[in-house]
Amino acid sequence: MKHWHTAEVEEIYNMLETGENGLSSQEAELRLQEHGKNALKEVKGPSLFMRFITQFKDVMVLVLLAAAIISGALGELTDAIIILSIVIINAVIGVVQESKAEHALEALKKMSRPYARVIRDGEIKSIKREDIVPGDLVELEAGDYVPADLRLIQSASLKIQESTLTGESTAVEKYIEALDDSDLPLGDRKNMAYSSSIITYGRGSGLVVSAGMDTEVGKIAEYISDGDIGTETPLKLRLNATGKILSIAVLCAAIVIFITGMIQGRNPFDMFMTSVSLAVAAIPEGMLAIVTVVLAIGVRKMSGRKAIIRKLPAVETLGSTQIICSDKTGTLTLNKMNVERIYIPGSKVRNNPAKANSYNTEMLMNVMVLCNDARLTLGNEGIKTIGDPTETALIQYAFNSGFNKNTMERMHHREYELPFDSDRKLMTTINRFDPGLKVMVKGAPDILIEKCSKILTDGKVRAITDNDIQTAEKANASMTEKALRVLAYAYDDIEILDPGADSDTLENNLIFVGLTGMIDPPRQEAKEAIRVCKRAGMRAVMITGDHRNTAYAIAKQLGMVKNETGVITGRELDKISEKQLARTIGKYSVFARVSPEHKVRIVKAWKSRGKIVAMTGDGVNDAPALKAADIGIGMGITGTDVSKSVADMVLADDNFATIIVAVEEGRRTYDNIRKAIQFLLSANTAEVLAVFTATLFNWNFLFPIHILWINLVTDSFPALALGLENAEPGIMNRKPRNASKSLFSGIIGVNIVYQGVFQAAITLLLYMFALSLYGKDIAVTMAFLVLGLIQLFHVLNVRSATSTIFRKGFFSNGLLFISLAFAGLMQISVVLLPALNSVFKTVPLTGIQWLLAIGAAFMIIPLVEIAKLIVKLTGYKDE
């Protein structure tokens, strides 16, 4: 057994046959084939056959099977065969629907699988975590999940949360030295990083020693899920409850129909079959499956538009979103920083590039380049910068000014570092400048200048004065007024590195050397997205760690605020109580200089006012705010693994405009679900009312097989096709949906009732007319034909709840018309084809009778159009 924690770093390199440049791509591919994917074995779901069998567990299906057996026993073999065929076809449709939903959700899981940074072919590459192999050299930083079991070879203040594996609640500080005891428990192996643990602080790198099922987590099969797509949404739970109520109501109606038939002296078997058939047809047992598929279709559409939904409830919530709290950098802006201004003590603020003609400039460049984690690579295509946009802008600026980061790092090796964090708002490194060391510090001007006791001017160090500070603050203000992001730089000389050095000892009594101002311009599409946001009844709120002036300047350009009264800072927030914040939060659209802890307060304040809140975040410390929001939105490019793992939605392009796109898709998906439900329930209402009324009047109306056939033909495919409808015109011109209101609130509940009554009335009136003119057999056939076709015509009405069908692009949903054509042919064939007449108990019709039936079915369109017109004239708007 290999004890990786007892081996020295060089020994680890040799054992894994790799080096500081990592594996080659070819070697990595060979190892991937040898070791397999870096993933745990997934539990296989039920087989296709078992899924098929599961379809027969429903109570109503069992009753229908019993009816088929009884029919066969009484000699009605044709009825028994047809009922069994319908049950089997329904089961196949159920399996297909479930499989579609499952495949769509599995595809989404694959989309949201995280990446890891590894060194291959001597370059940092971002690869899928599942493609990591033993011997890979993995880069780690705060917010990352550890992708496999690693032997650490570099550690800069690295701390790892290992509670998922060891149960230890506090983060463990890591180092790289070999350990002596081969039997140490996992929690004491300080030079190891284990799969699924979280980097909470610092950065480092490590060699993969175990992957997939060979990791410690793999051995005990307790891998943390990277994302739960989830299928039980609040909508589906509400529909499930509604379905149960409807089922009880339909069963009661079926019992009443059966008893009424008995009282009228009808054949008990015929009444039993009619009641069972009606119950099976009218109970919306397929509604939940259709909702799942429509949701999955909507989610797939969103993923195609750069919004990856990780949890299905987010689709529903998107349609109700009222407040969107967004980061500024990279979301509202391009996240492509450029140094535009530079300030060196003793000179004016000037444009770039600076000329390396003084010691002051040289020292400023030293801090900019050496206190910096970005990388500079030189290739055939010129220079390439890799890393945080702010830091890459600095090394790009320095390179253009004649300072090469790679050369400088070789001359001045980094001995120690204190990584940047949002509380200190500083980053510090210690670099060797023979014969001594220099402490290099960069960070927020308001924080760093306070920590400086000296200043570098004209190549000399002297005590800093109040006038120096005021001049620096004016330079800072002149840049922030132009929406520039300003960083301050300072250094100090030390002889040796104190082993106990920390921020208190290193980040004080510094020598101030200058400022830089960078611009991250607003995204053009963000301005339009915010305009759409306002029109849609939503409010966009900027939350940033940037200076107040910078945040205000960008927000004003984007149209988020009109004046500075809409801006509040983190320090001002600290002075406000929770109650006061909840009362006044509506005044502010920009929150500047805030920490991740402030984000949670902001979310809670909005929620206390009954608002549905979406919150963006990319850092490990943003996770609480993302969880607190109704919709947590992670950043696909700049986001840490931790922030993405708790998010409900991830933006693949980190673009604010994508949030608005997702809201539109969420509204469209929810609308389409309502359309499908309206169609199904209005059709079921028509069937129940028609059969119930006919039974009360002792009419020989429809045979059981007719009801079952109509249910089979009209329910599934047209309802599913409604899920592909385009968005309603003006969908982003209406206010967000009230999340607390019922699915049947607004016009949909009324539509289900009156449209069901219309369909039943048309069918019964035609039946009465045909009965008086042509006799019972033709009347039954025409009623059967009309009740099926009227539902197919009615699909066209349902494409819009309130607008005329002529406002919809008539063939904009091609699948809908294919499904209607297919269902229509099936319905017509059982009347038109002599071979099926005896099976379905229908009789041939004359041309006039066909025209009467089709014309009667078509009447549902003008009747509903008139109803929609009346609704429009009253000024009513659907919610």
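Residues numbered from 1 in each chain as written. Predicted model: local features only at pLDDT ≥ 70, side-chain atom pairs only at ≥ 80, totals over all residues. Heavy atoms only, no water.

(A) The arrangement of the overall build of the protein in detail. Helix and strand counts for the protein come out as 32 helices and 26 strands. Counting only residues that meet the buried cut, the protein has 54% of its 879 residues in that class. Residue pairs in contact within the protein that sit at least 24 positions apart in sequence constitute 72% of those at least 6 positions apart. Here the protein displays about 37700 Å² of accessible surface, and carbon together with sulfur accounts for 57% of that area. (Helix = DSSP H or I, 4+ residues; strand = E, 2+ residues; numbered from the N terminus. Buried < 20%, exposed > 50% of the residue type's maximum accessible area, 1.4 Å probe, protein only. Contact = heavy atoms within 4.5 Å. Areas by Shrake-Rupley, 256 points an atom, 1.4 Å probe, with all protein chains shown as cover.)

(B) Expanded view of the environment of Lys 735. Mapping Lys 735 onto the fold places it in the loop between α26 (704-722) and α27 (747-774). Lys 735 sits in the exposed class, given a relative accessible area of 71%. Residues Lys 735 and Gly 537, 198 residues apart in the sequence, show an inter-C-alpha distance of 4.5 Å. Excluding residues that lie within four positions of it along the chain, Lys 735 makes contacts with Ala 536, Gly 537 and Arg 667.

(C) Summary view of the packing of helix α28 (residues 776-798) against helix α32 (residues 860-873). At their nearest, the axes of α28 and α32 sit 9 Å apart, and the two run at 35° to each other. Along this stretch, α28 crosses α32, giving a crossing that reads as right-handed. Facing Ile 790, Phe 793, His 794, Leu 796 and Asn 797 of α28, the residues of α32 in contact are Ile 860, Ile 861, Val 864, Glu 865 and Lys 868. (Axes fitted to C-alpha atoms, helices over the stretch in contact; angles between N-to-C directions. Left-handed = near helix turned anticlockwise from the far one by under 90°.)

(D) Geometry of the side chain of Asp 654. In this fold, Asp 654 is placed in the loop between β26 (649-651) and α25 (656-696). Buried within the structure, Asp 654 lacks any salt-bridge partner; its nearest side chain of opposite charge belongs to Arg 523, at an N-O separation of 6.3 Å. A polar atom in the side chain of Asp 654 sits 2.9 Å from the backbone nitrogen of Gly 636. Look past the residues within four positions of Asp 654 in its chain and what remains in contact with it is Gly 330, Thr 331, Arg 523, Met 635, Gly 636, Ile 637 and Thr 638. (Lys, Arg positive; Asp, Glu negative; His and termini not counted. Salt bridge = Lys/Arg side-chain N within 4 Å of Asp/Glu carboxyl O. Polar contact = N/O pair within 3.5 Å; in protein donor to acceptor, adjacent residues only side chain to side chain.)

(E) Examining the pattern of salt bridges more closely. Following the criterion strictly, the structure yields 32 salt bridges and no others. Among the ionic pairs, Arg 593 bridges to Asp 446, the shortest N-O distance being 3.0 Å. Residue Arg 593 is found in the loop between β23 (590-592) and α22 (596-608), and its partner Asp 446 is found in helix α15 (residues 445-448); the two are separated by 147 residues along the sequence. Judged by its relative accessible area of 29%, Asp 446 is partly exposed. A salt bridge links Asp 671 to Arg 734, with the nearest nitrogen and oxygen atoms 2.7 Å apart. Pair noted here: Asp 671 is in helix α25 and Arg 734 is in the loop between α26 and α27, with a separation of 63 residues, a long-range link.

(F) Main features of the nonpolar core. By size, the foremost hydrophobic cluster in this structure holds 144 residues, and its most contacted members are Phe 512, Phe 656, Ile 660 and Phe 701. A total of 16 residues in this core trace back to one element, the largest contributor, which is α25. Setting aside residues no more than four positions away along its own chain, Phe 701 makes contact with Ala 690, Val 691, Ala 694, Thr 763, Leu 764, Tyr 767, Val 780 and Ala 783. Counting residues in each nonpolar core, the second largest holds 28 residues, with Val 339, Met 363, Met 365 and Tyr 397 among its members. (Core = buried A, V, L, I, M, F, W, Y, C linked by side-chain atoms within 4.5 Å.)

(G) Layout of a nonpolar patch on the surface. Together, Phe 49, Met 50 and Ile 53 make up a nonpolar patch on the protein surface, roughly 290 Å² of accessible area in all. In this structure, Ile 53 sits in helix α3 (residues 48-54). On the basis of relative accessibility, which here comes to 34%, the residue Ile 53 falls in the partly exposed class. (Patch = residues over 30% accessible without salt bridge, like charges linked within 9 Å, V, L, I, M, F, W, Y side chains within 5 Å.)

(H) Quick peek at helix α13 (residues 389-400). Over its twelve residues, α13 runs 16 Å from end to end, which matches the ideal 16 Å to within 8%, given 1.5 Å per residue. Across the twelve residues that make up α13, a large majority, nine, are buried. Those residues of α13 lying buried are Pro 389, Thr 390, Glu 391, Thr 392, Ala 393, Leu 394, Ile 395, Tyr 397 and Ala 398. (Expected span 1.5 Å × (residues − 1).)

(I) Structural detail: the packing of aromatic side chains. Within this structure, the stated rule accounts for seven aromatic pairs. Ring centres 5.7 Å apart and planes at 40° place the aromatic pair Trp 699 and Tyr 767 in the tilted group. Taken together, the residues Trp 699 in the loop between α25 and α26 and Tyr 767 in helix α27 connect sequence positions 68 residues apart. A relative accessible area of 2% places Tyr 767 in the buried class. On the basis of an interplanar angle of 65° and a centroid distance of 4.9 Å, the ring pair of Trp 709 and Phe 840 is categorised as edge-to-face. Of this pair, Trp 709 sits in helix α26 while Phe 840 sits in helix α30 (residues 834-840), placing them 131 residues apart in sequence. Exposure remark for Trp 709: the relative accessible area of 11% places this residue in the buried category. Note on Phe 840: relative accessible area 6%, which makes it buried. (Phe/Tyr/Trp six-rings, centres within 6.5 Å; stacked < 30°, edge-to-face > 60°.)

(J) Seen up close, the packing of α26 against helix α29 (residues 814-832). Following both chains from N to C, one finds α26 and α29 inclined at 170°, their axes separated by 8 Å at the closest point. In this view, α26 runs roughly antiparallel relative to α29, as classed from their interaxial angle. Of the residues in α29, those touching α26 at Trp 709, Ile 710, Val 713, Phe 717, Pro 718, Ala 721 and Leu 722 are Leu 815, Leu 816, Ser 819, Leu 820, Phe 822, Ala 823, Met 826, Gln 827 and Val 830. Per-class residue counts for the contact of α26 with α29 are 14 nonpolar, two polar and no charged. (Parallel < 35°, antiparallel > 145°, perpendicular 65-115°, else oblique. Nonpolar A, V, L, I, M, F, W, Y, C, P; charged D, E, K, R; others polar.)

(K) Looking closely at unusual backbone geometry. In the segment running from Asp 434 into Pro 435, the intervening peptide bond is cis, with an omega of 10°. Following the sequence through the fold, Pro 435 ends up in the loop between β15 (426-433) and β16 (436-443). For Asp 458, which is not glycine, the phi dihedral falls at a positive 55°. Mapped onto the fold, Asp 458 is located in the loop between β17 (452-457) and β18 (460-463). Here Asp 654, not a glycine, exhibits a phi torsion of approximately 55°, which is positive.

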